[in-house]
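Each chain is listed here by its residues.
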Amino acid sequence: MSGNFRHPPKLANWVVEHFLPASERPFLNGDFDEIYNDIFDEKGHGAAFRWYWAQIARSLPQIFFQYLSWSVIMFKNYLKTTLRNLQRHKGYSLLNIAGLAVGMACFVLILLYVRYEFSYEENNHQASHVYHIYVEHTKTDEIYRVRSTPVPLVEALHDEVPGIESYTRIDSFPKTLVSAENKKFYETGMVCVDPGVFDVFGFRLLLGDKKTALEKVNTAVVTEQIAEKYFGKENPVGKNLVLGSSLPIMVTGVIINHPPNTDIDPDILVSFKTAEELSGEDYTNNWLSQVLQSYILVPGEDSIENLEDKIEACFSKYRAKEGDDRILRVERLSRIHLFSVFGEGNFRTIQIFLGVGFLILLTACINFMNLATARSAGRAREVGMRKVVGARRKQLITQFLGESFISAVLSLVLALMLVAALIPAVKNITGQAIRFDQIGQPAIMLGLLGALILTGLLSGSYPALFLSAFQPAPVLRGMVKSGKKGAGFRKILVVSQFCISIILIISTFIFTRQIHFMRNKSLGFTRDQIVVVQNQGRTLRNVEPLKQALKENPNILSVTSSMMLPHRISMYNDVTWEGAPADENIAIQHNTVDYDFLETFQIPLIAGRNFSPDIPSDKRGATRDPKNAGNIILNEEAVKRFGWENPIGRKVIQVFGELRITYTVIGVVRDFHYSSLKNPIGPLKIFLNNRSPLGYISVRIKPQNVQETLAFMEKEWQQINTGYPFEHYFYDSVFERQYQSEKSLQTLFGYFSFLAVFIACLGLFGLASFAAERRTKEVGIRKVFGASSREVVFLLTKDFSKWVLLANIIAWPVAFYAMSRWLGGFAYHIDILRNWHVFFVSGVLALVIAWITVGYQAAKAAVNNPVNSLRNE
Amino acid sequence: MNYLTRKEEMILLTILKLRGQAGLVQIRKELIALTGEEWTVGNVYVPLDRMSKHGYLSVYIGKPTSRRGGKAVKYYRLTSEAKKALAECKKIHETVWTGIRDTALEE
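Each chain has its residues counted from 1, following the order in which its sequence is written. Each chain gets a letter, beginning with A, and each ligand a number, beginning with 1, in the order they are written. Selection of residues for local features in this predicted model requires a pLDDT of at least 70, selection of side-chain atom pairs for listing and counting requires 80 or more, and totals for whole chains, interfaces and linings are taken over all residues. Side-chain descriptors were evaluated using all non-hydrogen atoms of the structure, hydrogens and water having been removed beforehand.

Asker: An account of the overall build of chain B is requested, with residue identities and associated values reported.
Answerer: Broken down by element type, chain B carries four helices and two strands. Helix and strand definitions follow DSSP, with helices as H or I runs of at least four residues and strands as E runs of at least two, each counted in order from the N terminus. If you list the helices and strands of chain B from N to C, you get α-α-α-β-β-α. Here the C-alpha coordinates of chain B stretch approximately 55 × 30 × 20 Å along the principal axes. Whether a residue is buried, partly exposed or exposed follows from its accessible area with a 1.4 Å probe, protein chains only, as a fraction of its type maximum: under 20%, in between, or over 50%, in that order. In chain B, which comprises 107 residues, the share counted as buried stands at 41%. Approximately 6,500 Å² of chain B is accessible, and the part contributed by carbon and sulfur atoms is 54%. Under the counting rule used here, the positive set is Lys and Arg, the negative set is Asp and Glu, and His together with the chain ends is not counted. Lys charges are placed at NZ, Arg charges at CZ, Asp charges at CG and Glu charges at CD. Side chains of chain B carry 19 positive and 12 negative charges; the gap between the two charge centres is 12 Å. For the accessible areas, the method is Shrake-Rupley and the probe is 1.4 Å, while residue cover comes only from the protein chains on display.

Written out as structure tokens, the structure reads:
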């Protein structure tokens, strides 16, 4: 009977090894082996082999289900004790679960927000192979990046660099009047693109053929939305859209509407041939100026550096011989939104939000720990009993963790309900199209699971380790005093909760002040009582007649037309200047304006003179001679940068590769903020073009009779630009929309700090009620000996006040550091030291809220008749 | 008092008969000999596990042997509760069968 040990079939053994419950594995596995050997000896290999496999089919499921049903029974037991515990202490459970739920809801919302920000361009499944090409200027004071590239670039790349499967350029039209049949609207989402646009961005065509749709001149593909807007339910293919007053464009296809989570969402895609035909040779083959965005699809290349090298090899042939410091760089389309200087999203904000989400979740967990340890005295007896009856420490730990996990699950359910209710509000603040069903996405689910486990572990860990360590004998003899143990730990927890709250309150205040500062800072030009109209129609060619007509009205103070409005000047080119070190040129911004620009926006001249109609040489390109191409006005910063003592009459030279064009300085204006306050004021030059600076027509009017003035303006507009609707806005409304992302940051932080304070107060309320309860007898005795109610209240609130004060001391430097970092992102910001009172006010606010929270319990204890509290002995 | 199932009763009795040498392998062998039917490992293990969790069986770990691939064996012993339950069981059997003649079961 006893032969050598024969090893059972390997694979079958592996299955047994891996599917038996861990605790039973060695024994059962041994049993299998022994019987296998018995049968082997008795009936031979075949029978034993068959038996072993048969066991896997028949026994394993039985054993497994036995194990599983036992776990369910255990879980049911935990659930029962937990629910019983929750029910027995309703108020306490409510505080706990409500706190956790609010914290989790906040966390889930942040998760949704972050997930949404990361989802940009996700609908384009090639997004990681699509590259955006941009230009970097290296020779300027700091690296200067420009989103637009030369027109012929991608075509050349496509011809010369292997691996570029497809490409498209995007040249945006300014706001343009589009009409079809009897419909007429201004469109802002109109672009010229190459046929590769469908492959590069994955736009799906509902109608039309992607190979031929954008092949011909004067054809366009539109979104469903545009098709419906102009043609209703009819099939738009083959019909014409008229651009401006006379350019018919035939619709050759319809693409599905863009998802909300994309930054590339043109509505009308006009064939690139149209742009070439409209703009001519100077546009198509110009390697020097940069007017449009370029995207390439390179599926086979994963290294940015390799790709940049290849592009450089090609571009070096076309770069100007002298003074051309442009370097072409690429970035992945999928990264633009969050990680690029050109992206509309901000990775920094996301980090801040995630951090805050964690902090709030942490505050909620701290509540749980706090209240659980505070109540430990009550449960110490339970623990003692369990231990006496024979519970091992491990089982107690499992029980406490189980309880905290069940609470966490309950809170999560509540939290999800809260989230569902809050989503519309968050949508309003952030402008994101987040939806509740996005919670089903794997990334969010994973985050939720992580939060659940974190919350369960974190909030259960301390009670589990601390309570389970009680020695049964002293506990049951009543030697462990109520909640004495862990009091120090509790203090730390409360202090850190209030720290978090105070930091958030301070941040909110600082955000608010900075935004207030940016909105109200004098920008160096007037923005009140100015009506702005985008230049359209005939005034694009000559704006003078309209200006003259408008100036007739006494309510109109000044009229100007300019390429760009003063708050956002974003054209630039390379210049050098008289007296510049050899070979030095820098990129500086410029605007093209008419005679009345400075007057309308009330930008003061500090030296020299304004452009004058009497001096023809003021005009840019007044003569064909590049050595004397006209006069310009600079800002102070430019003069400073050029290092000139006396700027009037000096020369500034524009550098276009080998071509150099010289201008003479006639005036200097005071610096004004021509871009966001995040950026310092840089050098600026201003050109004159009185007939057609394109862009905008701005009219400064008297504050009286605004309606009549507007009506008059519309009438005059219609006389000249017949057929073009008069769409105007007030200039100051632009500034309402500026700093939108900072504004939503401020709003969200307001809510976050409220939540953090709310959660911390829930915890504090619990602790206070516990403390009051614990000291009932003390209070009773004190009152018998003559303590007044006020003294008792003071006694009970003293501790909490100390904690909050300590929290302040820790929170202030942290908030100071964090806010200094944030403000560092703005070239013009408030002085944090001069705003010291913000810190003080936040601290006092936290203290007052803590007092109110604790005060209720303290007062209740203080007015209690001592007879009641002492009688029950 | 929970009644034992027939299977549990058989297993408990088998363990009793094996006198301290009651591992799963031995119990299974006895049961096969007793009933003449095949008992899978699971058929034996599941009631054993259930009864140990209910406190009818105590367990002690034996030495590993080479025949078991170097794995230890788990021996089962009856607790006093199990003995009480068996006694009860026997009493019930006797009570229930009293007064029923063998001929009553013949068709």
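Asker: Explain the packing of helix α2 (residues 24-35) of chain B against helix α3 (residues 41-53) of chain B to me, using residue names and the numbers behind them.
Answerer: Residues and elements named next belong to chain B. Simply put, an axis is a line fit to the C-alpha atoms, just over the touching stretch for a helix, and the angle between two N-to-C directions goes from 0 to 180 degrees. Direction vectors running N to C along α2 and α3 enclose 115°, while the axes themselves pass 10 Å from each other. Our classification of the angle between α2 and α3 gives roughly perpendicular. Crossing handedness for the pair α2 and α3: right-handed. Residues Leu24, Ile27, Arg28 and Leu31 of α2 form the contact with α3, whose participating residues are Val41, Val44, Tyr45 and Leu48. When its residues are assigned to classes, the contact of α2 with α3 shows seven nonpolar, no polar and one charged. Oblique is the label for every angle not falling under 35 degrees (roughly parallel), over 145 degrees (roughly antiparallel), or within 65 to 115 degrees (roughly perpendicular). The hand of a helix crossing depends on one turn: near helix anticlockwise from the far one by less than a right angle means left-handed, and clockwise means right-handed. A contact between two residues is defined here by any heavy atoms of the two lying within 4.5 Å. Each residue receives one of three labels: charged for Asp, Glu, Lys and Arg, nonpolar for Ala, Val, Leu, Ile, Met, Phe, Trp, Tyr, Cys and Pro, and polar for the others, Gly being one of them.

Asker: Describe helix α3 (residues 45-88) of chain A, and please don't skip the residues or the numbers.
Answerer: To estimate the expected span of a helix, subtract one from its residue number and multiply by 1.5 Å. In a regular helix each residue adds 1.5 Å, so 44 residues correspond to 64 Å; α3 of chain A covers 63 Å between its end C-alpha atoms and thus fits that length. The sharpest bend along α3 of chain A reaches about 35° and sits at Ile56 of chain A. The angle between axes fitted to the seven residues ending at a residue and the seven residues starting there is what we call the bend at that residue.

Asker: Go over the nonpolar core, please, and point to the residues and values.
Answerer: Buried Ala, Val, Leu, Ile, Met, Phe, Trp, Tyr and Cys residues form a nonpolar core when they are joined through side-chain atoms within 4.5 Å. Counting residues in hydrophobic clusters, the biggest one holds 89 residues, and the most contacted among them are Phe498, Tyr731 and Phe752 of chain A. Ranked by residues supplied to this core, first place goes to helix α17 (residues 487-520) of chain A with 13 residues. Note that domain bounds follow an automatic or database assignment of domains. Per-domain counts for this core show at least three residues from each of domain 3 (347-479 + 487-519 + 739-871) and domain 4 (537-723) of chain A. Filtering out sequence-adjacent residues up to four positions away, Tyr731 of chain A remains in contact with Phe525, Thr526, Arg527, Ile530, Val532, Leu565, Pro566, His567 and Phe601 of chain A. Leu28 of chain A together with Val25, Ala85 and Leu86 of chain B belong to the second largest nonpolar core, which has 41 residues in total.

Asker: I'd like to hear about the pairing of strand β16 (residues 571-577) of chain A, residue by residue, with values.
Answerer: Regular strands place their side chains on alternate faces of the sheet. All names here are of chain A. With six of seven residues buried, β16 is to be regarded as a mostly interior element. For two strands to be treated as a pair, DSSP must find at least two bridges joining them. One ladder, built from five bridges, connects β16 with strand β17 (residues 586-593); its direction is antiparallel. Note on β17: the bridge partner recorded for Val575 is Ile586. One ladder, built from three bridges, connects β16 with strand β20 (residues 651-656); its direction is antiparallel. Among the inter-strand pairings, Val575 is bridged to a residue of β20, identified as Gln654.

Asker: An account of the pattern of salt bridges is needed here, citing residue identities and associated values.
Answerer: Residue and element names in this part refer to chain A. Here, a salt bridge means any Lys or Arg side-chain nitrogen found within 4 Å of an Asp or Glu carboxyl oxygen. All chains considered together, the criterion is met by 34 salt bridges over all chains. Across the pair Glu742 and Lys678 runs a salt bridge whose closest N-O atoms are separated by 2.9 Å. Note that Glu742 is positioned in helix α23 (residues 740-774) and Lys678 in the loop between β21 (659-669) and β22 (684-688), a separation of 64 residues in sequence. With a relative accessible area of 7%, Glu742 lands in the buried category.

Asker: An account of the interface of chain B and chain A is requested, with residue identities and associated values reported.
Answerer: Across the contact, 24 residues belong to chain B and 26 residues belong to chain A. Accessible area that two parts lose when put together, with a 1.4 Å probe and added across both, is what the buried area reports. Interface of chain B and chain A: buried area, both sides summed, is about 2,400 Å²; carbon and sulfur atoms make up 56% of it. The tally of links from chain B across to chain A stands at four salt bridges. A salt bridge links Asp38 of chain A to Lys29 of chain B; the shortest N-O distance between them is 4.0 Å. N or O atoms within 3.5 Å of each other form a polar contact, as long as, within protein, one can give a hydrogen and the other can take it, and as long as residues adjacent in sequence are counted only when both atoms are side-chain atoms. At the boundary of chain B with chain A, the tally comes to 11 residue pairs in polar contact (both at pLDDT 80 or more). Counting residues per element, the ones that place at least two in the side of chain B that touches chain A are α2 and α3 of chain B. In terms of residue count, the dominant contributor to the side of chain B that touches chain A is α3 of chain B (eight residues). By residue class, the composition of the side of chain B that touches chain A is eight nonpolar, six polar and 10 charged.

Asker: Explain helix α4 (residues 90-118) of chain A residue by residue, including any values.
Answerer: Spanning 29 residues, α4 of chain A covers 41 Å between terminal C-alpha atoms, matching the ideal 42 Å at 1.5 Å per step. Extensive coverage of α4 of chain A is indicated by the burial of 24 of its 29 residues.

Asker: Explain the packing of helix α5 (residues 153-160) of chain A against helix α10 (residues 304-315) of chain A to me, using residue names and the numbers behind them.
Answerer: Residue and element names in this part refer to chain A. The contact between α5 and α10 brings their axes to 10 Å, and the two run at 105°. Here α10 runs roughly perpendicular to α5, going by the angle between their axes. Note on element contacts: α10 touches α5 through Ile311, Cys314 and Phe315, opposite Leu153, Ala156, Leu157 and Glu160. Looking at the contact of α5 with α10, its residues break down into six nonpolar, no polar and one charged.

Asker: Describe the environment of Leu684 of chain A, naming the residues involved and giving the relevant values.
Answerer: By the secondary structure assignment, Leu684 of chain A is in strand β22. Assessed through its relative accessible area of 0%, Leu684 of chain A is described here as buried.

Asker: How would you summarise the domain arrangement of chain A if you had to cite specific residues and measurements?
Answerer: With domains assigned, chain A is organised as domain 1 (10-71), domain 2 (127-339), domain 3 (347-479 + 487-519 + 739-871) and domain 4 (537-723). One C-alpha centre belongs to domain 1 of chain A, the other to domain 3 of chain A; they are set 52 Å apart.

Asker: So what about the side chain of Thr149 of chain A? Which residues, and what values?
Answerer: Residue and element names in this part refer to chain A. By secondary structure assignment, the location of Thr149 is in the loop between β2 (144-146) and α5. A relative accessible area of 0% means that Thr149 is categorised as buried. Within the local environment of Thr149, its side chain forms a polar contact with the side chain of Ser294, the two groups lying 2.5 Å apart. Excluding residues that lie within four positions of it along the chain, Thr149 makes contacts with Ile133, Tyr134, Val135, Ser289, Gln290, Val291, Leu292, Gln293 and Ser294.

Asker: Got a sec to walk through the environment of Gly62 of chain B? Specific residues and values, please.
Answerer: Residues and elements named next belong to chain B. As for its placement among the helices and strands, Gly62 is situated in the loop between β1 (57-61) and β2 (74-78). Taking C-alpha positions, Gly62 is 48 Å from Ala104, a pair spaced 42 residues apart along the chain. The residues contacting Gly62, other than those within four sequence positions of it, are Ala72, Val73 and Tyr75.

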